[in-house]
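Listed below are the residues making up each chain.
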Amino acid sequence: MVMRLYRCLIGWLTISTLYAFGCAPVAAAKPAAAAPAETSEAKRAVPPPRPPKGPDGPITAAERDQAIEALARELTDKYVFPKKATEVARALRARKKRGEYNGITTGHALATALTAHINEVLFDAHFHVRFSKETLPPQRQPGPPSAEDLARYEEFSNQVNGGFERVERLAGNLGYVEVRSFEFPGRGFTAASAAMDFLAETDGLIIDLRRNGGGAPEVVAYLCSYFFDEPVHLNDLYFRPADATRQFWTAPVPGKAYVGREIYVLTSKNTGSAAEEFAYNLQNLKRATIVGEVTWGGANPGDMVRLGDHFAAFVPTGRAINPISKTNWEGVGVKPDVAVPADDALRVAQVKLLEKQVAKATDPQAKEMLEARLRELQAK
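Residues numbered from 1 in each chain as written. Predicted model: local features only at pLDDT ≥ 70, side-chain atom pairs only at ≥ 80, totals over all residues. Heavy atoms only, no water.

## Topic: the overall build of the chain
Next up, step 1: Tallying secondary structure elements over the chain gives ten helices and 13 strands in all.
Next up, step 2: In the chain, buried positions account for 53% of the 380 residues.
Next up, step 3: Working note: accessible area of the chain is about 17,100 Å², and carbon and sulfur atoms make up 54% of it. (Helix = DSSP H or I, 4+ residues; strand = E, 2+ residues; numbered from the N terminus. Buried < 20%, exposed > 50% of the residue type's maximum accessible area, 1.4 Å probe, protein only. Areas by Shrake-Rupley, 256 points an atom, 1.4 Å probe, with all protein chains shown as cover.)

Encoded structure:
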């Protein structure tokens, strides 16, 4: 709930590249030499509808037509796959010409219809149209955010501890960290370092992303950097408006790297966007075991664009490209290595780690304690 409030308050900021909501891209660790060509995408299921947010309200025919035309134009100009954008703009205008939207008189109804119709072509988990009964603020022009916006951003990022919710040492000397969001470069880096410093001497690590809906790839890369002792290429993001690809690599971190020990990442159907990238990165690099449910399935970051006084749309302008798989998790999600209900994922991960610790234990007293805790978890 609190993260949704943050997005409503400052969703027009341009602080960093975010998977979850619209911000302009910033420089990553290393630029790629060339942009990828558009590739054909396998047809996927239409993403499930998003529930409307905020109060509904009546709209005029002029407001309806303005939103439809602005949406067709924005998709044509910016959507990551130009051929799909052209196809969907043509279909959208054809529906309008046939009068299919003439009977829609409320904002939420139009936003829902446009999202559903366009995703019959795009099949894009991030794309959606939103209605606001209140007049939307002006579209922010390219450039740095204002001092006031930055101050609000910093205040909120401090309130939520940079997205790092809980850090704990579990029985059996296992580390646990719950990350609710990757949305806060700066405070998120500080919180990640503090968490990893606290867990530096644990024998195994569990990273809980079951309630993480996304954020900034910079924070993903920063936390991933703790799990390698040499530079590793994590992910690329290609953006159509700039026709540029940015690479994301691990980098030296303060404190001790967490290497030579196992990592388990917990996921749910609500694990989305940048949180999916985190799991996908470590899974492809064979650095972590994913436990839980198939994730949400959104890999195309982009921008929130204004379509008029009362309508806005999230237009995916980029796509993730994993250097190992050469693709991403869009429409399919990250598939867990150990598939279990999300509510049971933490218990299962602890059992897996403790079983291996018991097998390696040589001290009789330590082994007895580990076995006792393992029996407790297995009995649940």
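## Thoughts on unusual backbone geometry
Next up, step 1: Phi at Asn-173 is positive, roughly 60°, even though this residue is not glycine.
Next up, step 2: Inspection of the secondary structure puts Asn-173 in the loop between strand 3 (164–170) and strand 4 (174–179).
Next up, step 3: Here Asn-173 falls in the buried class, since its relative accessible area comes to 18%.
Next up, step 4: Phi is positive for Ser-273, close to 55°, though the residue is something other than glycine.
Next up, step 5: The exposure class of Ser-273 is buried, given its relative accessible area of 1%.

## Quick look at the environment of Pro-341
Next up, step 1: Following the sequence through the fold, Pro-341 ends up in the loop between strand 13 (338–339) and helix 9 (345–360).
Next up, step 2: Residue classification places Pro-341 among the exposed residues on the basis of a relative accessible area of 54%.
Next up, step 3: Measuring from C-alpha to C-alpha, the distance between Pro-341 and Thr-267 comes to 9.3 Å, with 74 residues separating the pair along the chain.

## Regarding helix 2 (residues 61–78)
Next up, step 1: The terminal C-alpha atoms of helix 2 lie 26 Å apart, and with 18 residues this matches the ideal 26 Å at 1.5 Å per residue to within 8%.
Next up, step 2: Buried residues along helix 2 sit in contact with helix 3 (82–97), helix 4 (107–122), strand 2 (128–131), strand 10 (302–306) and strand 11 (311–316). (Expected span 1.5 Å × (residues − 1). Contact = heavy atoms within 4.5 Å.)

## As for the nonpolar core
Across soluble globular proteins, nonpolar side chains have a tendency to be buried as a group.
Next up, step 1: In terms of nonpolar packing, the biggest core is built from 43 residues, with Phe-182, Leu-205, Ile-207, Leu-223, Phe-227, Val-265 and Phe-278 touching the most fellow members.
Next up, step 2: Counting only elements with at least two residues in this core, the list comes to strand 4, helix 6 (187–198), strand 5 (204–208), helix 7 (217–224), strand 6 (233–239), strand 8 (262–267) and helix 8 (274–284).
Next up, step 3: If you look at the next biggest cluster of nonpolar residues, it comprises 33 residues, including Leu-71, Ile-104, Leu-307 and Val-315. (Core = buried A, V, L, I, M, F, W, Y, C linked by side-chain atoms within 4.5 Å.)

## Quick look at the packing of aromatic side chains
Next up, step 1: In this structure the tally under the stated criterion is ten aromatic pairs.
Next up, step 2: Between Tyr-222 and Tyr-226, the aromatic rings sit 6.0 Å apart at their centres with planes inclined by 70°, giving edge-to-face as the arrangement. Neither residue differs from the other here; Tyr-222 and Tyr-226 are each classed as buried.
Next up, step 3: Relative to Trp-329, the ring of Tyr-280 has its centre 5.2 Å away and its plane inclined at 50°; by these criteria the two rings are tilted. Of this pair, Tyr-280 sits in helix 8 while Trp-329 sits in the loop between strand 12 (318–321) and strand 13, and the two are 49 residues apart along the sequence. Comparing Tyr-280 with Trp-329, the two get one shared label, buried.
Next up, step 4: Each residue in the set Phe-182, Phe-227, Tyr-258 and Phe-278 is aromatic and connected to the rest through ring pairs, giving one cluster. (Phe/Tyr/Trp six-rings, centres within 6.5 Å; stacked < 30°, edge-to-face > 60°.)

## Section: the sheet that holds strand 11
Next up, step 1: Pairing within the open sheet is antiparallel, and its three strands lie in the order 2-11-10. The open sheet has two free edges, formed respectively by strand 2 and strand 10, since each of these has just one partner strand. Put simply, the sheet's adjacent strands are angled 20° from each other on average, direction ignored.
Next up, step 2: Examined bridge by bridge, strand 2 and strand 11 share four bridges and lie antiparallel to one another. (Pairing = 2+ DSSP bridges. Axes fitted to C-alpha atoms, helices over the stretch in contact; angles between N-to-C directions.)

## Description of the packing of helix 3 against helix 4
Next up, step 1: Two elements in contact, helix 3 and helix 4, have axes separated by 9 Å at closest approach and are oriented at 140°. It follows from the interaxial angle that helix 3 and helix 4 lie oblique. As helix 3 runs across helix 4, the sense of the crossing is right-handed. Residues Lys-84, Glu-87, Val-88, Leu-92 and Arg-95 of helix 3 form the contact with helix 4, whose participating residues are Leu-114, His-117, Ile-118, Glu-120, Val-121 and Leu-122.
Next up, step 2: Among the residues forming the contact of helix 3 with helix 4, the class breakdown is six nonpolar, one polar and four charged. (Parallel < 35°, antiparallel > 145°, perpendicular 65-115°, else oblique. Left-handed = near helix turned anticlockwise from the far one by under 90°. Nonpolar A, V, L, I, M, F, W, Y, C, P; charged D, E, K, R; others polar.)

## Examining the pattern of salt bridges
Two side chains of opposite charge can pair, provided their charged atoms sit close to one another.
Next up, step 1: What the rule picks out here adds up to 18 salt bridges.
Next up, step 2: The closest approach of N and O atoms between Glu-100 and Arg-95, which form a salt bridge, is 2.7 Å.
Next up, step 3: Judged by its relative accessible area of 35%, Glu-100 is partly exposed.
Next up, step 4: Here Arg-166 and Glu-178 are joined by a salt bridge, their closest N and O atoms 4.0 Å apart. Linking Arg-166 in strand 3 with Glu-178 in strand 4, this pair joins segments that are twelve residues apart in sequence.
Next up, step 5: Owing to a relative accessible area of 37%, Arg-166 belongs among the partly exposed residues under this scheme. (Salt bridge = Lys/Arg side-chain N within 4 Å of Asp/Glu carboxyl O.)

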